[in-house]
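One-letter residues, chain by chain:
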Amino acid sequence: MPGLLRGVARTAVVAGTATAVSNRVSRRQAGRWAAQETYEAPAPAAAPPAAPPAPPPVTDMSSKIEQLKQLGDLKAQGVLTESEFEEQKRRLLES
């Protein structure tokens, strides 16, 4: 019986330690994500001044398509926000 009790106690200690470590890792990761979100929030706010000026008027459809691709790349890189992208796209298609 003492061997069985020792085995059960050991299992309880191992499981408790694993749970404590797992919870600590989860809290640390959540803290890192929160810090990263806080850090990334100002970055897009600073991006609008660096946004490219409105594209020049174009008459050729292939030029418009190329400019739309460039706008899409800027949006994918995080340089343009969704609203800025839509505004630039609207301006490009209206010209």
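Above this text is the structure in question.
Conventions we followed
- Residues numbered from 1 in each chain as written.
- Predicted model: local features only at pLDDT ≥ 70, side-chain atom pairs only at ≥ 80, totals over all residues.
- Heavy atoms only, no water.
- Patch = residues over 30% accessible without salt bridge, like charges linked within 9 Å, V, L, I, M, F, W, Y side chains within 5 Å.
- Areas by Shrake-Rupley, 256 points an atom, 1.4 Å probe, with all protein chains shown as cover.
- Salt bridge = Lys/Arg side-chain N within 4 Å of Asp/Glu carboxyl O.
- Lys, Arg positive; Asp, Glu negative; His and termini not counted.
- Charge placed at Lys NZ, Arg CZ, Asp CG, Glu CD.
- Helix = DSSP H or I, 4+ residues; strand = E, 2+ residues; numbered from the N terminus.
- Buried < 20%, exposed > 50% of the residue type's maximum accessible area, 1.4 Å probe, protein only.
- Expected span 1.5 Å × (residues − 1).
- Arc of directions from axis to C-beta.
- Contact = heavy atoms within 4.5 Å.
- Axes fitted to C-alpha atoms, helices over the stretch in contact; angles between N-to-C directions.
- Parallel < 35°, antiparallel > 145°, perpendicular 65-115°, else oblique.
- Nonpolar A, V, L, I, M, F, W, Y, C, P; charged D, E, K, R; others polar.

### Considering a positive patch on the surface
Reasoning step 1: Judged by side-chain charge, Arg 24, Arg 27, Arg 28 and Arg 32 come together as a positively charged surface patch.
Reasoning step 2: As for its position among the elements, Arg 27 is in helix H1 (residues 2-40).
Reasoning step 3: Looking at Arg 27, the relative accessible area reads 58%, which means it is exposed.

### Topic: helix H4 (residues 82-94)
Reasoning step 1: Taking 1.5 Å per residue as the helical rise, H4 with its 13 residues ought to reach 18 Å, and the 18 Å between its terminal C-alpha atoms agrees with that figure.
Reasoning step 2: Taken together, the buried positions of H4 are Glu 84, Phe 85, Gln 88 and Leu 92. Along the axis of H4, the buried positions cluster into a sector of 100°, meaning they face one direction only. Projecting away from the buried face of H4 at angles above 90 degrees are the exposed residues Ser 83 and Glu 94.

### Points about the pattern of salt bridges
Reasoning step 1: Tallied over the entire structure, the rule returns five salt bridges.
Reasoning step 2: Of the charged contacts in the structure, one is a salt bridge between Lys 89 and Glu 86, with a shortest N-O distance of 3.4 Å. Separated by three residues within a single helix, Lys 89 and Glu 86 lie in helix H4, roughly one turn from each other.
Reasoning step 3: Among the residues examined, Lys 89 registers a relative accessible area of 27% and is labelled partly exposed.
Reasoning step 4: Here Arg 91 and Glu 87 are joined by a salt bridge, their closest N and O atoms 3.1 Å apart. Pair noted here: Arg 91 and Glu 87 are both in helix H4, with a separation of four residues, about one helical turn.
Reasoning step 5: Exposure remark for Arg 91: the relative accessible area of 40% places this residue in the partly exposed category.
Reasoning step 6: Glu 87 sits in the partly exposed class, given a relative accessible area of 28%.
Reasoning step 7: Ionic contacts of the salt-bridge type, sharing partners, join the residues Glu 87, Arg 90, Arg 91 and Glu 94 into one network.

### Observations concerning the environment of Lys 89
Reasoning step 1: With 17 residues separating them along the chain, Lys 89 and Gly 72 place their C-alpha atoms 9.2 Å apart.
Reasoning step 2: Excluding residues within four positions of it along the chain, Lys 89 makes contact with Leu 68 and Leu 71.

### Some remarks on the packing of helix H3 (residues 61-77) against H4
Two quantities define a packed helix pair, namely the angle between the axes and the distance from one axis to the other.
Reasoning step 1: The interhelical angle for the contact between H3 and H4, taken along N-to-C directions, is 175°, at an axis separation of 10 Å. Classified by the angle between their axes, H3 and H4 sit roughly antiparallel to one another. Taking contact as the criterion, the partners of Lys 64, Gln 67, Leu 68, Leu 71, Gly 72 and Lys 75 in H3 are, on H4, Glu 82, Phe 85, Gln 88, Lys 89, Leu 92 and Leu 93.
Reasoning step 2: The residue makeup of the contact of H3 with H4, split by class, is five nonpolar, three polar and four charged.

Take it as geometry only, folks, not as evidence of what the structure does.
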